[in-house]
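# Observations on the model geometry
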Amino acid sequence: MAAPLEERFRTVRELHPEYRVETVQGRIVVNEAGTWQHNTSLFRVMRALFAPAVERGWQIWPNITIHLGLQSDRYVPDLTVVPRSPRLHKEYAVHGDSTLLIVDVVSSGSSYDDYYVKPRGYSPAGVPLYLVVDPAQRTVRLHSEPGGLAYGRETIASVAEPLFLPAPWELPLNIAAFW
């Protein structure tokens, strides 16, 4: 008899601490470290978020597991912004409703999950803002107003226009600086 998904997830995380290990729709997904292009995009996003986060006393965590519920998937986004004292599930997982912003940079192997699967997991868990940065398309997609199985609002911005992060951020992002 196969071990439950949560047990297999913990085992794979322990065996491969250098990788991002997630569960997505009942699959264990092991992601290698990002390419230089992926990491450059991630750095540029982090650079835009760093000063406002520090000013508010928030923290930016790379590669923390998001706890979506007891029987739910476990996602590991590229960046997670949390308040001063977030509610933790375990030492490696923060509750989705205790985040302020989650960011994923799309890669060739993650596009379907980043665009379609993860928003449907984050919204019911109360993740307030989910930002999907796509270097290949040069677009940024912000999911906001969580509720039920889907976010109430999806905003897409390209190089030509800034993207406004709503409360608690109240911050315009210069998308052109991401590329």
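All of these numbers come straight from a predicted model, not from anything done at the bench.

## Quick notes on the overall build of the chain
- When helices and strands are counted, the chain shows three helices and 14 strands.
- C-alpha extents for the chain along the principal axes are approximately 55 × 30 × 30 Å.
- If you take every contact in the chain between residues at least 6 apart in sequence, the share linking residues at least 24 apart comes to 50%.
- When the accessible surface of the chain is summed, it comes to about 9,200 Å², and 54% of that surface belongs to carbon and sulfur atoms.
- Charge separation in the chain, taken as the distance between the mean sites of 17 positive and 19 negative side-chain charges, equals 1 Å.

## Topic: the pattern of salt bridges
- Enumeration according to the criterion identifies five salt bridges in this entry.
- K118 is the partner of D104 in a salt bridge, and the nearest nitrogen-oxygen pair spans 3.6 Å. One end of the pair, D104, is in strand β9 (residues 101-105); the other, K118, is in helix α3 (residues 111-122), and 14 residues separate them in sequence. This pair shows no difference in class: D104 is buried, exactly as K118 is.
- Across the pair E154 and R141 runs a salt bridge, and its minimum N-O distance is 3.7 Å. With E154 in strand β12 (residues 153-158) and R141 in strand β11 (residues 139-144), the pair connects residues that are 13 residues apart, well separated along the chain.
- In this structure E154 comes out as partly exposed when scored by relative accessible area, which is 42%.
- Look at the salt bridges and you will find they share partners, linking D104, D114 and K118 into a network.

## Quick notes on the sheet that holds strand β10 (residues 129-134)
- Reading across from one edge, β3-β6-β9-β10-β11-β12 is the order of the six strands in this open sheet, with mixed pairing throughout. Only two strands of the sheet have a single partner each, and these edge strands are β3 (59-62) and β12. Between one strand and the next, the sheet's axes are offset by a mean angle of 15°, whatever the strand orientation.
- Across three bridges, strand β6 (residues 79-82) lies against β9 in antiparallel orientation. Bridge pairing in β9 places T80 opposite I102.
- The sheet contacts of helix α2 (residues 36-56) involve β3, β6, β9 and β10, and relative to β9 the element is tilted by about 160°.

## Observations regarding the nonpolar core
- Membership of the largest hydrophobic core comes to 26 residues, with the highest contact counts inside it found for L49, L101, L131, V133 and W169.
- Residue assignment for this core shows that the elements contributing at least two residues are α2, β6, β9, β10, β11, β13 (163-165) and β14 (171-173).
- At four residues, α2 tops the list of elements feeding residues into this core.
- Beyond its immediate sequence surroundings of up to four residues, L131 is in contact with L101, I102, V103, D104, V140, R141, L142, L163 and L173.
- In this structure, Y75, V106, V127 and V132 belong to the second largest nonpolar core, which totals 19 residues.

What counts, and where the lines are drawn
Residues numbered from 1 in each chain as written. Predicted model: local features only at pLDDT ≥ 70, side-chain atom pairs only at ≥ 80, totals over all residues. Heavy atoms only, no water. Helix = DSSP H or I, 4+ residues; strand = E, 2+ residues; numbered from the N terminus. Contact = heavy atoms within 4.5 Å. Areas by Shrake-Rupley, 256 points an atom, 1.4 Å probe, with all protein chains shown as cover. Lys, Arg positive; Asp, Glu negative; His and termini not counted. Charge placed at Lys NZ, Arg CZ, Asp CG, Glu CD. Salt bridge = Lys/Arg side-chain N within 4 Å of Asp/Glu carboxyl O. Buried < 20%, exposed > 50% of the residue type's maximum accessible area, 1.4 Å probe, protein only. Pairing = 2+ DSSP bridges. Axes fitted to C-alpha atoms, helices over the stretch in contact; angles between N-to-C directions. Core = buried A, V, L, I, M, F, W, Y, C linked by side-chain atoms within 4.5 Å.

As far as function goes, none of this settles anything; it's purely spatial.
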